[in-house]
Amino acid sequence: YLHYYPSTASMVPHIVLEELGVPYRRVLVDRAVNAHKAPQYLKLNPNGLIPVLVQDDTPGDPLVLYETAAIVQHLCDTHPAVPLVPPLGTVQRAHFYKWLMWLTNTLQTALIVYFYPERWVTAGNVAGAAEVRAAAERKIAGLLDQLDAELARHGQDWFLGADYSALDAYVFTLCRWTRHFASAPARERPHLGPYLRRMLNRPAVGRVLGAEQLQPPYV
């Protein structure tokens, strides 16, 4: 069971599940009514964040897993027939780990600061929140440039190179979050733009956009 809300970080494992082609069920956690802060949900994730993956076919108690990167890695590890991660012990696997942690700890963190700047200032400090948001936007611009430079470096279709991986679901989702930026959204960069259009052409991505009932612009 994937506990999700449209266009949040849950889109990452949502895309991965569709790429794997395994049966699963979606459970909507309606943020509009603070369902992610309800006692029942907090039993699954005491942090009150989305997503959560619940797997009830494990020995003993069901597996309850939160943290997007952990869910992604678990899905890749348990479905090796669909290679969404490079082989264990390879240089490419090491780079997969590096970028997975960077996406969740660096780019996603900066995006959260951008979208919720009031969390980092005293309540009611509107000017302070605006300053925090502006600083976050500048930081995000540099991080998007880093993604663009990596695509330029190897010049291949997918983020790790020639082979599609679970990282692509993460890069796509976080770049999508910048689609309404006033300056320099991800799609305007010379390598990220075509890359995001390639992602939109993947059937799994199309199914996720449809299932989450999202509307253009998609990136």
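In what follows, the structure referred to is the one given above.
Quick caveat, the model's predicted, so the values are computed rather than measured.

Quick notes on the rules
Residues numbered from 1 in each chain as written. Predicted model: local features only at pLDDT ≥ 70, side-chain atom pairs only at ≥ 80, totals over all residues. Heavy atoms only, no water. Phe/Tyr/Trp six-rings, centres within 6.5 Å; stacked < 30°, edge-to-face > 60°. Buried < 20%, exposed > 50% of the residue type's maximum accessible area, 1.4 Å probe, protein only. Helix = DSSP H or I, 4+ residues; strand = E, 2+ residues; numbered from the N terminus. Contact = heavy atoms within 4.5 Å. Salt bridge = Lys/Arg side-chain N within 4 Å of Asp/Glu carboxyl O.

## Quick notes on the packing of aromatic side chains
Taken as a whole, this structure holds nine aromatic pairs when the rule is applied. When the ring of Trp158 is compared with that of Tyr164, the centres are 5.2 Å apart and the planes differ by 85°; the resulting orientation is edge-to-face. This pair shows no difference in class: Trp158 is buried, exactly as Tyr164 is. Considering the side-chain rings of Trp158 and Tyr195, the 6.4 Å spacing of their centres and the 70° angle between planes classify their relative orientation as edge-to-face. Here Trp158, found in the loop between α5 (126-154) and α6 (166-176), pairs with Tyr195, found in helix α7 (residues 192-200); they are 37 residues apart in sequence, far enough to count as distant.

## Structural notes on the side chain of His3
Relative to the helices and strands, His3 resides in strand β1 (residues 2-4). Look past the residues within four positions of His3 in its chain and what remains in contact with it is Ser10, Val27, Val29, Tyr41, Leu44, Ile50, Pro51, Val52 and Val54.

## A closer look at the pattern of salt bridges
Pairing between side chains of opposite charge can happen when the charged atoms of each approach one another. For the structure on display, the rule yields six salt bridges. Across the pair Asp77 and Arg93 runs a salt bridge, and its minimum N-O distance is 3.5 Å. Residue Asp77 is located in helix α3 (residues 68-78), and its partner Arg93 is located in helix α4 (residues 91-115); the two are separated by 16 residues in the primary sequence. The salt bridge partner of Arg153 is Glu150, with a shortest N-O separation of 2.8 Å. Remark: Glu150 and Arg153 occur in helix α5; sequence separation between them is three residues, near one turn of the helix. Relative accessible area serves as the criterion here: at 59%, Arg153 is assigned to the exposed category. The buried category is assigned to Glu150, whose relative accessible area is 14%.

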